[in-house]
Amino acid sequence: MANVRNLKKDINYVLGDIIEAVYVWEYANTDKDTKQSEAIIDEAIATFDELIVKVNAKNDNAKAHFKAINQELETKGLALIEKINNLG
């Protein structure tokens, strides 16, 4: 079950780093509105919750299930990073 543990760590690290990047942006841009950045943080937290629920769900084909979750993490993570890059 090391695969489950590593996948959970990956989810935590990736989304945690994205949230940290938003905080750094907010700190560097104190004169700008933070509504968009707060929405990115909320989306990252919702993504975290959603992916952890999927990891904990029982599935007959575990290898394919975890691979799909890992791919979803990559896709959603890249989308969140793109939103950070587009912040005013």
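Look a little higher up for the structure.
Residues numbered from 1 in each chain as written. Predicted model: local features only at pLDDT ≥ 70, side-chain atom pairs only at ≥ 80, totals over all residues. Heavy atoms only, no water.

1. Notes on the overall build of the protein
Moving on, step 1. Scanning the protein for helices and strands turns up three helices and zero strands.
Moving on, step 2. Element order for the protein, N to C, with α for helix and β for strand: α-α-α. (Helix = DSSP H or I, 4+ residues; strand = E, 2+ residues; numbered from the N terminus.)

2. Here we look at the nonpolar core
Generally speaking, a soluble globular protein has its nonpolar side chains buried in company with each other.
Moving on, step 1. With 20 residues, the main nonpolar core has Ile11, Val55 and Ile69 as its most contacted residues.
Moving on, step 2. Elements represented by at least two residues in this core include exactly helix 1 (2-28), helix 2 (35-56) and helix 3 (62-85).
Moving on, step 3. By residue number, the principal contributor to this core is helix 1, which donates eight residues.
Moving on, step 4. Here Ile11 is in contact with Phe48, Leu51, Ile52, Val55, Ile69 and Leu73, once residues within four sequence places are set aside. (Core = buried A, V, L, I, M, F, W, Y, C linked by side-chain atoms within 4.5 Å. Buried < 20%, exposed > 50% of the residue type's maximum accessible area, 1.4 Å probe, protein only. Contact = heavy atoms within 4.5 Å.)

3. Observations regarding the environment of Ile69
Moving on, step 1. As for its placement among the helices and strands, Ile69 is situated in helix 3.
Moving on, step 2. Sequence separation of Ile69 and Val55 is 14 residues, and the distance between their C-alpha atoms is 7.3 Å.
Moving on, step 3. Setting aside residues up to four positions removed in sequence, Ile69 forms contacts with Leu7, Ile11, Leu51, Lys54 and Val55.

4. What to know about the side chain of Glu26
Moving on, step 1. Structurally, Glu26 is set in helix 1.
Moving on, step 2. Salt bridges are absent for the buried Glu26, whose nearest opposite-charge side chain, Lys35, sits at 13 Å.
Moving on, step 3. Not counting chain neighbours up to four residues away, the residues in contact with Glu26 comprise Thr34, Ser37, Glu38 and Ile41. (Lys, Arg positive; Asp, Glu negative; His and termini not counted. Salt bridge = Lys/Arg side-chain N within 4 Å of Asp/Glu carboxyl O.)

5. Side note on the packing of helix 2 against helix 3
Moving on, step 1. The interhelical angle for the contact between helix 2 and helix 3, taken along N-to-C directions, is 180°, at an axis separation of 11 Å. Between helix 2 and helix 3, the angle falls in the class roughly antiparallel. Counting all contacts with helix 2, which are made through Ile40, Glu43, Ala44, Thr47, Glu50, Leu51, Lys54 and Val55, the residues of helix 3 involved are His65, Phe66, Ile69, Glu72, Leu73, Lys76, Leu80, Lys83 and Ile84.
Moving on, step 2. Each residue belonging to the contact of helix 2 with helix 3 can be placed in one class, and the counts come to nine nonpolar, two polar and six charged. (Axes fitted to C-alpha atoms, helices over the stretch in contact; angles between N-to-C directions. Parallel < 35°, antiparallel > 145°, perpendicular 65-115°, else oblique. Nonpolar A, V, L, I, M, F, W, Y, C, P; charged D, E, K, R; others polar.)

6. Digging into helix 2
Moving on, step 1. Helix length check: helix 2, at 22 residues, gives a terminal C-alpha distance of 32 Å against a target of 32 Å (1.5 Å per residue), a fit within 8%.
Moving on, step 2. When we look at burial in helix 2, the residues that qualify are Ser37, Ile40, Ile41, Ala44, Thr47, Leu51, Ile52 and Val55. Mapping the buried residues of helix 2 onto a view down its axis gives an arc of 130°, with all of them on the same face. Exposed side of helix 2, more than 90 degrees from the buried face: Lys35, Asp42 and Val53 are the residues found there. (Expected span 1.5 Å × (residues − 1). Arc of directions from axis to C-beta.)

7. Describing the pattern of salt bridges
Moving on, step 1. Under the definition given, this model contains five salt bridges.
Moving on, step 2. The salt bridge involving Glu50 is made with Lys54; its shortest N-O contact spans 3.6 Å. Of this pair, Glu50 and Lys54 both sit in helix 2, four residues apart, roughly one helical turn.
Moving on, step 3. For the salt bridge of Lys76 with Glu50, the shortest nitrogen-to-oxygen distance reads 2.6 Å.

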